[in-house]
Amino acid sequence: MLKNGRMEGQFRDSLPFAAGPADIVLINGSLYTADAGQNELQAVAVANGRIVYKGIDAGIAEWIGPDTQLIDLKGRMVLPGFHDGHLHPLMGAVGKTECSLAGLSRLEQYLERVKRWAENHSDEDCIRGSGWLYTSFGVLGPNKADLDRVVADRPVLLKAVDGHSAWANSKALELGGISGTTPDPPGGRIERDPVSGEPTGTLREWTAMQLVEEKFPKWDQERLISAFRPFQQSAARAGLTAVHDAMVREQYLAAYLAMEERGDLALRVSLSFLYEPETAEDFIEELKELRRSDCASLVTARSVKIFIDGVIEGHTAFLLTPYADRPDCKGEPLWERGHFMRTIAALDRAGFQIHIHAVGDGAVRMALDGFEHAVRVNGLRDSRHQIAHLDLISEADLARFRSLGVIANFQPLWFSLEAGSTDMDEHLLGPIRSRQLYPAQRIFEDGGTIACGSDWPVGADIISLNPLESIKAGLLGLNEARSRNRTDLSRKQIDLSAMLDFYTRNAAYAAFQENETGTIEVGKLADLVVLDRNLFTTPLEELDRVKVLLTLLEGKASYRDPAL
């Protein structure tokens, strides 16, 4: 049972039935165990991939044998391995091999990058890439004519920094069969010239982008696996031992399973299968065949991903009231309401966890309504359904997270980014709503469960895989919001301990893995991270400078810094 994200009950300090010395012993450290019995502890012993002792240095001697690897931490900090509760590892890893516009901001810079890429990859039939900024263009977005100037002989499709809009050249539009008479797909939009009605080259949301993207060749499994290797190394250096891939198809599952079979996977990976509005109802039966919930495996797949809306920047987030700069528009859901309710109930009845993308307050309400409907028709169960992003939540819906047992999955880097730059938010949402973004504090106060993720690679070079950067940015953003809104400081605040729990115990709970990982408890798997200093004595402004020195997955080092 969770109370503010904390499990009740704990393991004993040692396993009396574990025979023989430990494989690894960490001594003279400072432990943050993330369990309810947190004390001033110094040492951990690991045998056969599991924690067999946690406690003070004086009790560790019996676990040290001639072959035990003994590491003196010299006061350094030990935490449970970090869990990223929402990101796109394979998609992002492949994106690193494509044309990146990250770090650029002007049209001519984008075009020069695309031109050079095309010249250096003349053997590729199509050009894919990502990373352009909404602020680089007007309200209609980028134009196909500009791309045609540098690549006119083959299709080009470049996604925005958040992946919710794409810039296509004429060849790409032609490949997708998109013309002036092509209707907007449900939930998507083909931007058009206000005079001619012809497509400008900007496509909004998945349903529109897929008209082109589905015609591009798919990456084969070996390319996926090859692209994943550097991602996995970066994740280990950041202290990550588990990730949730928040949007996969069968091809991605097959790649993950192949990596595990080869012994090449050094992360726990939980997956959400993408379920789209046009998906046939019998797809649920296919998903049952693909479902994998064995906790002994590094790969689990028990969740389904549904997009309700898009993003505020593209006016595709579904709001309860219109945008401030477009009084005729409040976005629209990707799903017809009745179809959505039936689908949520069917997936819930089949035992799937449901992971919903909802940015606008209208989308969040629709998601909560769907979960409430599922409880009404199927009965209450341990579903651990999640809603991710949650930029805006209506005051009337905040308490429903706790009452329905829905996990709020936030991306804390955006707390700080939004708090530090409000001009665009005020333009799009007005002054009142722009101050109400990301109400994680309110859900926490009410006893709701929060898990966190990076949403990497969404945000390109702005978004980091490093949980410590995210934790710092989240705390800074929350502090700014408290000051700006004169939050009552007598209420329980999200502090460093809470943020650490969001990235460890709570994210493990969200993945149904809390009995095996997420805390430092005897009997659990030895998924651990060692930092070069104690976070609780480090100034908030310096959290992102803290270095990971050791990452253990089931007691095996996926990363070790030479300094340790």
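As a starting point, this report considers the structure included with it. (Residues numbered from 1 in each chain as written. Predicted model: local features only at pLDDT ≥ 70, side-chain atom pairs only at ≥ 80, totals over all residues. Heavy atoms only, no water.)

Okay, the packing of helix 6 (residues 221–237) against helix 7 (residues 250–262) next. Running from amino to carboxyl end, helix 6 crosses helix 7 at an angle of 65 degrees, the nearest separation of the two axes being 10 Å. Classified by the angle between their axes, helix 6 and helix 7 sit roughly perpendicular to one another. The two elements helix 6 and helix 7 meet at a crossing, and its hand is right-handed. Listed contacts from helix 7 to Gln-221, Glu-222, Leu-224, Ile-225, Phe-228 and Arg-229 of helix 6 are Gln-251, Tyr-252, Ala-254, Ala-255, Tyr-256, Ala-258, Met-259 and Arg-262. Looking at side-chain class alone, the contact of helix 6 with helix 7 contains 9 nonpolar, 2 polar and 3 charged residues. (Axes fitted to C-alpha atoms, helices over the stretch in contact; angles between N-to-C directions. Helix = DSSP H or I, 4+ residues; strand = E, 2+ residues; numbered from the N terminus. Parallel < 35°, antiparallel > 145°, perpendicular 65-115°, else oblique. Left-handed = near helix turned anticlockwise from the far one by under 90°. Contact = heavy atoms within 4.5 Å. Nonpolar A, V, L, I, M, F, W, Y, C, P; charged D, E, K, R; others polar.)

Turning next to the sheet that holds strand 13 (residues 165–168). If you trace the 6 strands from one edge of the open sheet to the other, you get 10-11-12-13-15-14, paired in mixed fashion. In this open sheet, the two edge strands, each paired with only one partner strand, are strand 10 (99–100) and strand 14 (189–192). Packing of helix 5 (residues 205–213) onto the sheet brings it into contact with strand 12 (156–160), strand 13, strand 14 and strand 15 (199–204), and relative to strand 15 it is tilted by some 120 degrees. (Pairing = 2+ DSSP bridges.)

Time to look at the pattern of salt bridges. Per the counting criterion, the structure on display carries 29 salt bridges. Among the ionic pairs, Arg-268 bridges to Asp-527, the shortest N-O distance being 2.7 Å. Within this pair, whereas Arg-268 is found in strand 17 (residues 268–274), its partner Asp-527 is found in the loop between helix 17 (505–510) and strand 23 (528–531), the two being separated by 259 residues in sequence. Where Arg-384 meets Glu-514, a salt bridge forms, and the shortest distance between an N and an O atom there is 2.8 Å. Taken together, the positions of Arg-384 in the loop between helix 10 (361–378) and strand 20 (386–389) and Glu-514 in the loop between helix 17 and strand 23 put the pair 130 residues apart, joining distant regions of the chain. Grouping residues by exposure puts Arg-384 and Glu-514 together as buried. Through salt bridges that share partners, Arg-337, Arg-365, Asp-369, Glu-372, Asp-397 and Arg-400 make up one connected network. (Salt bridge = Lys/Arg side-chain N within 4 Å of Asp/Glu carboxyl O. Buried < 20%, exposed > 50% of the residue type's maximum accessible area, 1.4 Å probe, protein only.)

Geometric values such as these leave the question of function open.
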